[in-house]
Amino acid sequence: MSSKQGDGARDKPLGDGTRLVQAGRRTEWTGMPGQPGGIVNPPVWRASTILYEDVAHLRGATTADPHRLYYGRRGAPTGWALAEAITQMEAEAAGTMLYPSGVAAIAGALLAVLKPGDELLMVDSVYGPTRAMCDGLLRDFGVRTIYYDPLIGADIAALCTDQTRAIFLESPGSLTFEVQDVPAIVAVAKARGIVTLIDNTWATPLLLPALGLGVDVSILACTKYLCGHSDVMMGSVSANAALWPAIQKRGHMLGQMSSPDDAWLVLRGMRTLAVRLKHQGESALALARWLEERPEVARVLHPALPSCPGHAAWARDFSGSAGLFAFALGSTDDAARAAFIDALALFGIGYSWGGFESLALPVDPANLRTAQKWTDEGLLVRINVGLEEPADLIADLDRAFDHWRAALRK
Ligand SMILES: *Cc1c(COP(=O)(O)O)cnc(C)c1O
């Protein structure tokens, strides 16, 4: 168009917030044929049966075009809009498949790339249910899983065999927050024709452009930040052009799809993802820095702190930090840890994270490690920082330490 050469402001790629406002809002999904304009958000298209004009159209219908109504399981515009919005977050993504949960997305991705006899290299800090999937479902289907140290980097080459089909990353780990050297692992995998997959739920593509770093498949538990409001279960798998056909095909074979109401809610959540993530990330870092100075705290596990294993990789590859981190109390007294968490007034006690409300959870990674033991002393508390004022959250933590000290004296 008329944009001048070298006009910096106009040539710059659109920022995250801008792209999220635009994403997935095709006029054919928000308007009516023959009427210019339309509504802002794609509506909820509920569908199982799709009606055809006549038998000829029924017979001529094809599933080749992903954005043609065919049958409910193949989706409708609400889900297509969400999938397209997620694809648009990942510059290198060729497409995105939706699943009814993050775990279903992980299963869908792994079952698309693995076959009996294959070996899977799995990061030892992985989300617990993913480990259970490897040790149960995948083992039953003849896939062998080998767990590796999250800090292994290029040394992962030593674990690769002729049977190694895929390397699964999760960075940082969602309990212990080690940051992986994604480019080093990708380089090893690419040299050997091994597929790389990442659970990118913590960072989302906004903080870690995983496919841009050469990872083939990026998995999100949309349940967390994309939804952002703790009321939807959803997962997604985005893949580069080489892997996308296999992901989509296997997803269809497995009968995977998502409710349009849930897709609509996640799409609504995504509009504010950039501002939520920024606010929650900054608040979490403020809390982490405050906790680091506390005598009650043995260690803070937060990728943006230099003490975090893999911090240099975080500083190089990530454009920010999210709102989830953990810290170790300076005692192994489980009752005192419970007293601390119970005393928090502004933090809910519950699983999951990524919502607008703060949460605190006791976490115990020791039983979830096999590549190398988790030997840290001090019991961990994991914190999801929400949209509350950080000063209020800090005051709440401060009060809870009184209860922790009182419980230790008992
Ligand atoms: C929650 C979570 C998942 C699974 O998502 P669900 O929607 O709960 O199935 C996967 N990976 C990570 C890192 C998670 O925190």
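What counts and what doesn't
Residues numbered from 1 in each chain as written. Predicted model: local features only at pLDDT ≥ 70, side-chain atom pairs only at ≥ 80, totals over all residues. Heavy atoms only, no water. Helix = DSSP H or I, 4+ residues; strand = E, 2+ residues; numbered from the N terminus. Buried < 20%, exposed > 50% of the residue type's maximum accessible area, 1.4 Å probe, protein only. Near = heavy atom within 4 Å. Polar contact = N/O pair within 3.5 Å; in protein donor to acceptor, adjacent residues only side chain to side chain. Areas by Shrake-Rupley, 256 points an atom, 1.4 Å probe, with all protein chains shown as cover. Nonpolar A, V, L, I, M, F, W, Y, C, P; charged D, E, K, R; others polar. Domains from an automatic or database assignment. Buried area = accessible area lost by both parts, 1.4 Å probe. Salt bridge = Lys/Arg side-chain N within 4 Å of Asp/Glu carboxyl O. Pairing = 2+ DSSP bridges. Core = buried A, V, L, I, M, F, W, Y, C linked by side-chain atoms within 4.5 Å. Contact = heavy atoms within 4.5 Å. Expected span 1.5 Å × (residues − 1). Axes fitted to C-alpha atoms, helices over the stretch in contact; angles between N-to-C directions.

Undergrad: Would you explain the environment of P36 in this entry?
TA: Position of P36 relative to the elements: it lies in the loop between α3 (27-30) and α4 (55-60). Given a relative accessible area of 79%, P36 falls into the exposed group. Taking the C-alpha atoms as reference points, P36 and L368, separated by 332 residues in sequence, lie 56 Å from one another.

Undergrad: Where do I start with the site of the ligand in this structure?
TA: Not every one of the 13 residues close to the ligand is listed here, only the nearest: G102, V103, D199, T223 and K224. Between the ligand and V103 there is a distance of 2.9 Å, counted from an oxygen atom to a backbone nitrogen or oxygen. One of the side-chain N or O atoms of W353 is found 2.9 Å from an oxygen atom in the ligand. Expressed as a share of its isolated accessible area of 380 Å², the protein-covered part of the ligand is 93%. Take the shell around the ligand: its biggest share by element is 3 residues, from helix α6 (residues 102-113). The class makeup of the residues in the shell around the ligand is 6 nonpolar, 4 polar and 3 charged.

Undergrad: Explanation requested: the domain arrangement of the protein chain in the structure shown.
TA: Accessible area lost upon the coming together of the parts serves often as the stated size of an interface. When cut into domains, the protein chain gives domain 1 (7-270) and domain 2 (273-409). Summarising the inter-unit geometry, the C-alpha centres of domain 1 and domain 2 are found 28 Å apart. The contact between domain 1 and domain 2 buries some 3,400 Å² in all, and 64% of this surface belongs to carbon and sulfur atoms. Interface area lost by domain 1 to domain 2 is led by L175, W202 and Y225, which between them contribute 22%. Viewed at the interface, domain 2 and domain 1 are joined by 2 salt bridges. Among the salt bridges present, the one from R316 reaches D181, with a minimum N-O distance of 2.8 Å. If you look at where domain 1 meets domain 2, you find 22 residue pairs in polar contact (both at pLDDT 80 or more).

Undergrad: It is not clear to me how the pairing of strand β9 (residues 324-329) should be interpreted in this structure. Could you clarify?
TA: Along any regular strand, the residues point their side chains to alternate faces of the sheet. Burial of β9 is extensive: 6 of the 6 residues sit out of reach of the surface. Burial along β9 is two-sided: L324, A326 and A328 and F325, F327 and L329, pointing in opposite directions, are all buried. Direction of pairing for strand β8 (residues 297-301) relative to β9: antiparallel, over a ladder of 4 bridges. Bridging across to β9, V300 finds its partner in F327. Bridging between β9 and strand β12 (residues 380-384) involves 5 bridges; their strand directions are antiparallel. If you follow F325 over to β12, its bridge partner there is I383.

Undergrad: How should I be thinking about the nonpolar core in this particular structure?
TA: Within soluble globular proteins, side chains that are nonpolar tend to cluster in buried spots. With 121 residues, the main nonpolar core has L120, L197, I247, F325, F327 and F340 as its most contacted residues. With 8 residues, the single largest contributor to this core is α6. Two domains each donate at least three residues to this core, and these are domain 1 (7-270) and domain 2 (273-409).

Undergrad: Even after reading the chapter, I still don't get the side chain of S283, so can you show me in this structure?
TA: Looking at the secondary structure, you find S283 in helix α12 (residues 273-292). With a relative accessible area of 3%, S283 lands in the buried category. Residues contacting S283, with those up to four places away along its chain left out, are V385, E388 and P390.

Undergrad: Would you mind going over helix α15 (residues 390-409) with me for this structure?
TA: Counting along an α-helix, one turn takes 3.6 residues, and residues three or four places apart therefore face a common direction. Taking 1.5 Å as the rise per residue, α15 with 20 residues should run 28 Å; its terminal C-alpha atoms sit 29 Å apart, in good agreement. Tucked inside the fold, the buried residues of α15 contact α12, β8, β9, α14 (334-343) and β12.

Undergrad: What is the right way to read the sheet that holds strand β11 (residues 359-363) from this model?
TA: Each strand in a sheet pairs with another by means of backbone hydrogen bonds, the pair being arranged parallel or else antiparallel. Sheet architecture is open: 5 strands sit in the order β8-β9-β12-β11-β10, paired in mixed fashion. Each edge of the open sheet is held by one strand with a lone partner, namely β8 and β10 (348-349). The sheet contacts of α12 involve β8 and β9, and relative to β9 the element is tilted by about 10°.

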